[in-house]
Amino acid sequence: FYGYILMQIPGGWLSYQFGARQLLALSMAIGSLFTLLIPICAKVHYIALIVCLFFTGVSHGAFWPS
């Protein structure tokens, strides 16, 4: 949830700058991509899994502000 926490305020700013609909669609697309990569990252190394989960949180952090 660290990535999620870090993106709350920047997510609101990005939503204001680019529009909520575009940011919502982009954050869900990126979050879905990283969610699909979780099993692959888990097989590679546990650090890769942590990085993948961090970026999943970053992408979903822009979801609620938009």
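Remember, predicted model here, so these are calculated numbers, not experimental data.

Section: the overall build of the protein chain
At step 1: Looking only at helices and strands, one finds four helices and zero strands in the protein chain.
At step 2: For the C-alpha atoms alone, the extent of the protein chain along its principal axes is close to 40 × 20 × 15 Å.
At step 3: Out of the 66 residues belonging to the protein chain, those deemed buried represent 23%.
At step 4: A fraction of 69% describes how many contacts in the protein chain between residues 6 or more apart in sequence connect residues 24 or more apart.

Focus on the packing of aromatic side chains
At step 1: Tallied over the entire structure, the rule returns three aromatic pairs.
At step 2: Ring geometry for Phe34 versus Phe55: centroids 5.8 Å apart, planes at 20°, classification stacked. Of this pair, Phe34 sits in helix 3 (residues 20-44) while Phe55 sits in helix 4 (residues 46-61), placing them 21 residues apart in sequence.
At step 3: Clustering of aromatic rings is evident, with ring pairs tying together Phe34, Phe54 and Phe55.

Regarding the environment of Leu49
At step 1: Mapped onto the elements, Leu49 comes out in helix 4.
At step 2: Given the relative accessible area of 23%, Leu49 is considered partly exposed.
At step 3: Spatially, the C-alpha atom of Leu49 lies 22 Å from that of Leu26, the residues being 23 residues apart in sequence.

Points about the side chain of Ser27
At step 1: Assignment of secondary structure puts Ser27 in helix 3.
At step 2: Accessibility expressed as a relative area gives 4% for Ser27, which makes it buried.
At step 3: Polar contacts involving the side chain of Ser27 include one to the main-chain carbonyl oxygen of Leu24, which spans 3.1 Å.
At step 4: With sequence-adjacent residues up to four places away left out, Ser27 is seen in contact with Ser59, His60, Ala62 and Phe63.

Conventions we followed
Residues numbered from 1 in each chain as written. Predicted model: local features only at pLDDT ≥ 70, side-chain atom pairs only at ≥ 80, totals over all residues. Heavy atoms only, no water. Helix = DSSP H or I, 4+ residues; strand = E, 2+ residues; numbered from the N terminus. Buried < 20%, exposed > 50% of the residue type's maximum accessible area, 1.4 Å probe, protein only. Contact = heavy atoms within 4.5 Å. Phe/Tyr/Trp six-rings, centres within 6.5 Å; stacked < 30°, edge-to-face > 60°. Polar contact = N/O pair within 3.5 Å; in protein donor to acceptor, adjacent residues only side chain to side chain.

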